[in-house]
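Survey of secondary and tertiary structure
So the chains spell out like this:
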Amino acid sequence: MTAWVEWRLLLALTVILLVPGWGILALSDLWRRYSVLQRWILAVALSIAFYPVFFYVLRAIVPWLTLGPYKMATLLLAGGGLIVWRMRKDWMCQFEFDKLEWLALAMIGMTLFTRIWVIREHPYPAWSDSLHHTLLTNLTAQQGQLPITMAPYFPIPLDQYHLGFYSLTATSQWLAQVPAHTALLWTAQILNGLCGIGVYFVLDRRVGRIGAVVGAAVVGLLSHQPAFYVNWGRFTQLSSQTILLISWLVTWEAIGQWKRPARKTNLLWSMALSVLLTGAVFLLHFRVAVFYLPLLAISVVWELWEARGKNRVKYVIAGTTAIGMAALLVVSFALISACLLYTSDAADEEDSVDLGGRRII
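Residues numbered from 1 in each chain as written. Predicted model: local features only at pLDDT ≥ 70, side-chain atom pairs only at ≥ 80, totals over all residues. Heavy atoms only, no water.

Another point: the environment of leucine 268. By the element assignment, leucine 268 lies in helix α12 (residues 264–284). Among the residues examined, leucine 268 registers a relative accessible area of 57% and is labelled exposed. Taking C-alpha positions, leucine 268 is 9.6 Å from serine 28, a pair spaced 240 residues apart along the chain. (Helix = DSSP H or I, 4+ residues; strand = E, 2+ residues; numbered from the N terminus. Buried < 20%, exposed > 50% of the residue type's maximum accessible area, 1.4 Å probe, protein only.)

This is the structure:
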């Protein structure tokens, strides 16, 4: 791979992982709640979450509409214009990192460097899982939407499979104009390099900045996992795990806002961010959502306990229910078809008779 192709991939992925998130933060003005590096981390998480939700909703509501390199480039260009317009008076403060934030950026940068360095001499993704990831990336790019089956490769439905990751890899393929396997590998490794941002975000907001820097360094540079995921092709799980902790904390804080009176606009935007992130965790990988639910349950119990002395319990319950129902609506674009296929398969199993190890229907 030439240096020009590598730089083209890095530029495309930078746009993909920053423009939607910063567009949402600029439009909502919620960036003011966060420190400088926290804003950038949240923008990355929102960008990652944007693509699976956007692609799933688009396929469900307007299945005749397909995407492609020109449409996505136009959409991202419009998002960039929105950011420039909304942040024209505040753009300088988005780069006023303090010393510890610069240190954290160095840790994240070193992590990204290690992940990219690993793949520079290995142009094809490893392990058997990477084959179907590549095929699904290519199908998404060719069809302009998330595929419904593996045809023409395999005549099998995809209703029970999480497809959100391929909205990211296909977009990378479009913008960088590279083969599917290259877009897959680089997108996955960039996400792998961002594995410490969720730990930093949570620790910085809940514990302290020194602990957040150490946490980002340990997860990104010292831990065996998820660095080893590249050897297994565990890319869909990786993408969901990248935003898992950020989604949890944003949702927790959105629920916590219901303990006290707040501006309705801010409250609605906070809920919208939590719904987007929560839905994306599921759409990127179903099983990671199972890890996510206990974290949310603990947070809800905590907020209910805190609200009991302020006579705000009913508001916390209402906020939690509203966020949960909205997130369930987003998830339903994948969940309903998966459940229907599962119940259909279960019914077929019950109608079959097993004789001597052979199944006769």
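From this point, things continue past the structure.
In the structure shown here, the tally under the stated rule is 16 aromatic pairs. Look at tryptophan 22 and tryptophan 40: their rings are 5.2 Å apart centre to centre, the planes differ by 75 degrees, and that puts the pair in the edge-to-face class. Of this pair, tryptophan 22 sits in helix α1 (residues 3–28) while tryptophan 40 is found in helix α2 (residues 36–61), placing the two residues 18 residues apart along the sequence. An identical accessibility class is assigned to tryptophan 22 and tryptophan 40; each is buried. A connected cluster of aromatic rings, assembled from ring pairs, spans Phe50, Tyr51, Phe54, Phe55 and Trp174. Stacked on the ring of tyrosine 315, the Lys or Arg arginine 312 has its end atom at 4.0 Å from the ring centre. (Phe/Tyr/Trp six-rings, centres within 6.5 Å; stacked < 30°, edge-to-face > 60°. Lys NZ or Arg CZ within 6 Å of the ring centre and 35° of its normal.)

With that settled, the discussion passes to the packing of α2 against helix α6 (residues 165–176). Direction vectors running N to C along α2 and α6 enclose 100 degrees, while the axes themselves pass 8 Å from each other. It follows from the interaxial angle that α2 and α6 lie roughly perpendicular. Residues Ile48, Tyr51, Pro52 and Phe55 of α2 form the contact with α6, whose participating residues are Ser167, Leu168, Thr171 and Trp174. Taken together, the residues of the contact of α2 with α6 sort by class into 6 nonpolar, 2 polar and no charged. (Axes fitted to C-alpha atoms, helices over the stretch in contact; angles between N-to-C directions. Parallel < 35°, antiparallel > 145°, perpendicular 65-115°, else oblique. Contact = heavy atoms within 4.5 Å. Nonpolar A, V, L, I, M, F, W, Y, C, P; charged D, E, K, R; others polar.)

Here helix α3 (residues 69–86) is 18 residues long and its end C-alpha atoms lie 26 Å apart, about the 26 Å a rise of 1.5 Å per residue gives. All of the buried residues along α3 are Met72, Leu76, Gly79 and Ile83. Angular distribution of buried residues about the axis of α3 spans 55 degrees; they occupy a single face of the element. Looking at α3, the residues exposed on the side facing more than 90 degrees away from the buried face are Tyr70, Thr74, Leu77, Val84 and Trp85. Contact partners of the buried residues in α3: α1, α2 and α6. (Expected span 1.5 Å × (residues − 1). Arc of directions from axis to C-beta.)

For the coordinates displayed, the defined rule picks out 10 salt bridges. The partner of arginine 209 in a salt bridge is glutamate 101, with the nearest N and O atoms 3.8 Å apart. With a gap of 108 residues between them, arginine 209 in helix α9 (residues 209–222) and glutamate 101 in helix α4 (residues 99–119) connect regions that are remote in the sequence. Overall, the relative accessible area of 21% leaves arginine 209 in the partly exposed class. On the accessibility criterion, glutamate 101 (2% relative accessible area) is buried. The salt bridge partner of arginine 205 is glutamate 253, with a shortest N-O separation of 2.8 Å. Of this pair, arginine 205 sits in helix α8 (residues 197–206) while glutamate 253 sits in helix α11 (residues 235–256), and the two are 48 residues apart along the sequence. According to the relative accessible area criterion, glutamate 253 is buried, its value standing at 17%. Shared partners join several salt bridges into a network, and the residues in it are Asp29, Arg32, Arg86 and Asp90. (Salt bridge = Lys/Arg side-chain N within 4 Å of Asp/Glu carboxyl O.)

With that out of the way, let us pick up the side chain of serine 47. Here serine 47 lies in helix α2. Note on serine 47: relative accessible area 0%, which makes it buried. Within the local environment of serine 47, its side chain forms a polar contact with the backbone nitrogen of glycine 21, the two atoms lying 2.7 Å apart. (Polar contact = N/O pair within 3.5 Å; in protein donor to acceptor, adjacent residues only side chain to side chain.)

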